[in-house]
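Working through the structure, step by step
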Amino acid sequence: MIEVVFLGVGEAFDESLPNTSILIRYIMGSTPVTLLLDCGFTAPPQFWSEVPNAEILDGIWISHFHGDHYLGIPALLVRFWEEKRKKALTLLGQKGIDSIIPTSLDLAYPGMYERLGYPIHFIEVEPESEITVFGLLFQTAVTHHSQRNLALRIDTPEKSIYYSGDGKATPESISLAKGSQLIIHEAFSLETEIPGHGTVTESIEMAKQCGASYLTLVHIQREVRSQVIDMMQRFTQMTGSMNLTVPKSGFRITL
């Protein structure tokens, strides 16, 4: 069983919604695996509300190095230190993650990286490679974004989840998403092309092409979100049998 919790669903500067951040719990026999997909500067309080135990989180995926996707990590790591975490934490992402995360922590809390008291393991998951961690298969593809962004596919033996991070879909990311039961996609605008971002209509067409059972739209521009919700009947007609959702923070899906 996989439980997907949408801790945050907002874009970078939304005053009403926390940054997009997804919690995944995979129940694998008697050993659950808990992962966090992206952790922007407004995401940590949502995480702490959902996961009060510092030892539970196994890994964090960072799609790219924009602040609304990774600058919540210093607060997360230091609170784990405060709560005397001992278990190793794995951070996964593109090339450079092993230098950017320690640097961001040192800027926020100088000297803390050496004092954390629990191991940090860094794993690069670049396109055209397959990495198995925690019994899960991780694969990535580049999207069109203003900063290099990697979409992520996570495969369990039974199910697959695709998370776009930010950016307009590419042929490579569409190929990566094919066959996924759940697609979580950035949809910054309705239909108008904005450089480096996806749209609602493009995301729907992509998810249909990929045969997804569920499509959730996140990271919608703060002034566009209400329009998307008002137009849900039209968008639902476009999806056919696929389940389309514009989730609120706290929304859950079980696969």
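Keep in mind it's a predicted model, so treat the numbers as computed, not measured.

The rules behind these values
Residues numbered from 1 in each chain as written. Predicted model: local features only at pLDDT ≥ 70, side-chain atom pairs only at ≥ 80, totals over all residues. Heavy atoms only, no water. Buried < 20%, exposed > 50% of the residue type's maximum accessible area, 1.4 Å probe, protein only. Helix = DSSP H or I, 4+ residues; strand = E, 2+ residues; numbered from the N terminus. Arc of directions from axis to C-beta. Contact = heavy atoms within 4.5 Å. Salt bridge = Lys/Arg side-chain N within 4 Å of Asp/Glu carboxyl O.

If you check which residues of helix α8 (residues 232–239) are buried, you get Met232, Phe235 and Thr239. All buried residues of α8 project into a common sector of 65 degrees when viewed along the axis, lining one side. For α8, the exposed residues lying more than 90 degrees away from the buried face are Gln233 and Gln237. Where the residues of α8 are buried, they touch α6 (200–210), α7 (225–230) and β13 (243–245). Positive phi appears at Gly240, one or two residues downstream of α8, with a value of about 70 degrees.

Bringing the pattern of salt bridges into the picture now. Considering all chains together, one arrives at 13 salt bridges under this definition. Arg25 is paired through a salt bridge with Glu3; the nearest N and O atoms lie 2.9 Å apart. Of this pair, Arg25 sits in strand β2 (residues 21–28) while Glu3 sits in strand β1 (residues 2–8), and the two are 22 residues apart along the sequence. Overall, Arg25 belongs to the buried group, its relative accessible area being 18%. Looking at Glu3, the relative accessible area reads 18%, which means it is buried. Ionic pairing is found between Glu3 and Arg252, a salt bridge with its closest N-O pair at 3.2 Å. Of this pair, Glu3 sits in strand β1 while Arg252 sits in strand β14 (residues 252–254), and the two are 249 residues apart along the sequence.

This part takes up the side chain of Ser164. Structurally, Ser164 can be placed in the loop between β10 (160–163) and α5 (171–177). A relative accessible area of 0% places Ser164 in the buried class. In contact with Ser164, other than residues within four places in its own chain, are Thr143, Asn149, Leu150, Ala151, Ile184, His185 and Glu186.

Nothing here speaks to function; it is geometry throughout.
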